[in-house]
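# Overview (structure and organization)
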Amino acid sequence: MDCDTSLKLSLARPSVYASSYLFWVFSPVSLREYEPHSVVIGRGVLIDYAAWAEKKGITYSTFSTHQVRLSDILEIAKECNITFQKGDILFVRVGVTKEWDTVMTDEQKKQYSDNPSPEHAGVEATTDMLRWLWDSGFAAIASDTISWEVRTAPAGRMF
């Protein structure tokens, strides 16, 4: 990450497939200088679904309608003793970049980019997921997927 040498991102406490990270921005000037630029600073919680699924023998393509279920996220957090806190930044890694870079051929990438109705994995699009995200009080949510929710979710389940 070499975009701006005046800022450095520090990560602490990595783990195998779920981690509680603390993100801090270090700079020679005070935080007050960054407020107009909408900097988000908070505890980031990584749920590495891709590594967990591999450990469990779950195979999937990130360019399918594979869903990361709320129960999966909660199981990963429990196995790693992660307790979500209000204001956390939730990161869910599904593995899109790895599959795009190492599995897909140039022809497959072209077919995917030309597809008017592409499929891609993501978190399940359910009211239970939405309610849990809201009730957990996350400051932000992010993923390495093309969209947060699975594309082409089961009928009647997309928000």
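Residues numbered from 1 in each chain as written. Predicted model: local features only at pLDDT ≥ 70, side-chain atom pairs only at ≥ 80, totals over all residues. Heavy atoms only, no water.

Convention followed: UniProt positions are given in the numbering used here, feature names are shortened, and annotations may be inferred rather than shown by experiment.
Comment text from UniProt for the chain, heading Sequence similarities (unreviewed entry), reads "Belongs to the Cyclase 1 superfamily."

## Description of the packing of helix H2 (residues 70-79) against helix H5 (residues 127-136)
Which entries qualify depends on this criterion: Note on geometry: axes are C-alpha line fits, over the in-contact stretch for helices, and angles between N-to-C directions span 0 to 180 degrees. Numbering goes from the N terminus for both helices and strands, where a helix is a DSSP run of H or I of at least four residues and a strand is a run of E of at least two. Angle categories are assigned with fixed cut-offs, so that under 35 degrees is roughly parallel, over 145 is roughly antiparallel, 65 to 115 is roughly perpendicular, and the rest are oblique. Contact criterion: two residues are considered in contact whenever any of their non-hydrogen atoms come within 4.5 Å of each other. Each residue gets one of three labels, nonpolar for Ala, Val, Leu, Ile, Met, Phe, Trp, Tyr, Cys and Pro, charged for Asp, Glu, Lys and Arg, and polar for the others, Gly among them.
Relative orientation of the contacting elements H2 and H5 amounts to 40 degrees, with a least axis distance of 10 Å. Considering the angle they form, H2 stands oblique to H5. For the pair H2 and H5, contact is made by Leu70, Ile73 and Leu74 and by Asp128, Met129 and Trp132, respectively. Considering only residue class, the contact of H2 with H5 consists of five nonpolar, no polar and one charged.

## A few points about the confidence of the model for the chain
For clarity, the cut-off: The predictor's confidence in any single residue is recorded as pLDDT, a number from 0 to 100.
Per-residue pLDDT for the chain has a mean of 78; in total, 70% of the residues score no lower than 70. Note that pLDDT drops below 50 for residues 1-29; the model gives that stretch 67 contacts with residues more than four away or on any other chain.

## Thoughts on the side chain of Ser136
Note the following rule: Polar contacts, as counted here, are pairs of nitrogen or oxygen atoms within 3.5 Å of one another; within protein the pair requires one atom able to donate a hydrogen and one able to accept it, and residues that are adjacent in sequence qualify only if both atoms are side-chain atoms.
Tracing the sequence through the fold places Ser136 in helix H5. At 2.8 Å, the side chain of Ser136 forms a polar contact with the backbone oxygen of Trp132. Those residues within four positions of Ser136 in sequence are excluded, and the remaining contacts are Gln85 and Lys86.

## What to know about the packing of helix H1 (residues 49-56) against H2
Think of two packed helices as two axes; the pair is described by the angle between the axes and how far apart they sit. Where H1 contacts H2, the two axes come as close as 11 Å, and the packing angle between them is 85 degrees. On the basis of the axis angle, H1 is roughly perpendicular to H2. On H2, the residues that touch Tyr49, Trp52, Lys55 and Lys56 of H1 are Asp72, Glu75, Ile76 and Glu79. Its residues placed into classes, the contact of H1 with H2 shows three nonpolar, no polar and five charged.

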